[in-house]
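One-letter residues, chain by chain:
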Amino acid sequence: MELRSGEASGKVKQKEERGKRAHRDSSRDVLEWRESFDQLLKSKSGVNAFHTFLKTEFSEENLDFWLACEDFKKTRSKTKLASKANRIFEEFVQNEAPREVNIDHETREITRKNLSGATSACFNEAQAKTRTLMEKDSYPRFLKSASYQDMSKQAASRGTSKRSHT
């Protein structure tokens, strides 16, 4: 199918406009991340930026565990639920796990017991503790990090330059 030149330029303009909107939205996102940890977690680019930061601190396992739990909650098949639960437990929760998260012994035991009748809620307590740890510890450091400060300055200047040109 051949496009006439008017149609082609219209398609290009639509694509450019979508790109500008996405750029504007991502700038807004970056500035909203400092409002709350929830805002950061709601943003795919926020989660990616936070994950990159955590890698520099060698502590991305908490976010990876939290994300694995979010994905786990969407599982509908009972057999998949049980196998995913075991995989998550072995990777993040059990003592000496390859990517062990920092939770107390009691929470670890509750989670282990929850595996026997795996439901989408079996990691809720461990996930909540890990989330709180990230919110109170890693998130404030992320907001103070050079990478976030740079992103924030760029987003703020894009917002200012947009307003001055309109």
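Residues numbered from 1 in each chain as written. Predicted model: local features only at pLDDT ≥ 70, side-chain atom pairs only at ≥ 80, totals over all residues. Heavy atoms only, no water.

1. Brief notes about the overall build of the protein chain
Rules: The numbering of helices and of strands both runs from the N terminus, where a helix is a DSSP run of H or I of at least 4 residues and a strand a run of E of at least 2. The contact criterion used is simple: two residues touch if any of their non-hydrogen atoms lie within 4.5 Å. The Shrake-Rupley method, run with a 1.4 Å probe, gives the accessible areas here. Residue values count only the displayed protein chains as cover.
In terms of regular secondary structure, the protein chain is built from eight helices and zero strands. Within the protein chain, contacts between residues at least 6 apart in sequence are counted, and of these 59% link residues at least 24 apart. Of the roughly 10600 Å² that the protein chain leaves accessible, carbon and sulfur atoms contribute 51%.

2. Remarks on the nonpolar core
Stated formally: The definition of a nonpolar core used throughout is a set of buried Ala, Val, Leu, Ile, Met, Phe, Trp, Tyr and Cys residues joined through side-chain atoms within 4.5 Å. Buried residues are those whose accessible area, probed at 1.4 Å on protein chains only, stays under 20% of the maximum for their type, while exposed residues exceed 50% and partly exposed ones sit between those limits.
One finds Trp33, Phe37, Leu40, Phe50, Leu63 and Phe142 to be the most contacted residues of the largest nonpolar core, which totals 18 residues. Of all the secondary-structure elements, those providing two or more residues to this core are helix 2 (37-42), helix 3 (44-56), helix 4 (61-73), helix 7 (124-144) and helix 8 (146-165). Per-element accounting of this core gives the leading share, five residues, to helix 3. Residues contacting Trp33, with those up to four places away along its chain left out, are Gln39, Leu40, Ser43, Ser45, Gly46, Ala49, Tyr139, Phe142, Leu143, Tyr148 and Met151. Listed in part, the 17 residues of the second largest apolar core include Leu81, Ala85, Val93 and Val101.

3. Some details on the confidence of the model for the protein chain
Threshold: Confidence scores per residue from the predictor, reported as pLDDT, run from 0 to 100.
Scored by pLDDT, the protein chain comes out at a mean of 85, with 80% of its residues at no less than 70. Long-range and interchain partners of residues 11-25, a stretch whose pLDDT sits below 50, account for three contacts in this model, where long-range means more than four residues apart.

4. Notes on helix 5 (residues 78-93)
Along an α-helix, a turn takes 3.6 residues, which lines up residues three or four apart on a common side. Applicable threshold: Note: the arc covers the axis-to-C-beta directions of the helix.
For helix 5, the full list of buried residues reads Leu81, Ala85, Ile88, Phe89, Phe92 and Val93. Down the axis of helix 5, the buried side of the element spans an arc of 100°, and every buried residue falls inside it. Opposite its buried face, helix 5 presents the exposed residues Thr79 and Lys80, each directed more than 90 degrees away. Where helix 5 is buried, its residues meet helix 4 and helix 6 (105-114).

5. Considerations on unusual backbone geometry
The residue Phe58 is not glycine, and still its phi comes out positive at about 55°. Its place among the elements puts Phe58 in the loop between helix 3 and helix 4. Residue class for Phe58 comes out exposed when judged on its relative accessible area of 72%. Positive phi, close to 65°, is recorded for Glu96, a residue that is not glycine. Mapped onto the fold, Glu96 is located in the loop between helix 5 and helix 6.

6. Re helix 4
What counts is decided by this rule: The span you would expect from a helix comes to 1.5 Å times its residue count less one.
With 13 residues, helix 4 extends 18 Å from end C-alpha to end C-alpha; this agrees with the ideal 18 Å at 1.5 Å per step. Taken residue by residue, helix 4 has Glu61, Asn62, Leu63, Asp64, Phe65, Trp66, Ala68, Cys69 and Phe72 as its buried positions.

7. Describing the pattern of salt bridges
Note the threshold: For salt bridges, the criterion is a side-chain nitrogen of Lys or Arg within 4 Å of an Asp or Glu carboxyl oxygen.
Tallied over the full model, the rule gives twelve salt bridges. Of the charged contacts, one joins Asp71 and Lys84 as a salt bridge, the two residues approaching to 3.3 Å between their closest N and O atoms. Pair noted here: Asp71 is in helix 4 and Lys84 is in helix 5, with a separation of 13 residues, a long-range link. A residue is classified by how much of its surface remains accessible, and Asp71, at 39% relative accessible area, is partly exposed. The partner of Lys129 in a salt bridge is Asp104, and the shortest N-O contact between them spans 3.2 Å. Taken together, the positions of Lys129 in helix 7 and Asp104 in the loop between helix 5 and helix 6 put the pair 25 residues apart, joining distant regions of the chain.

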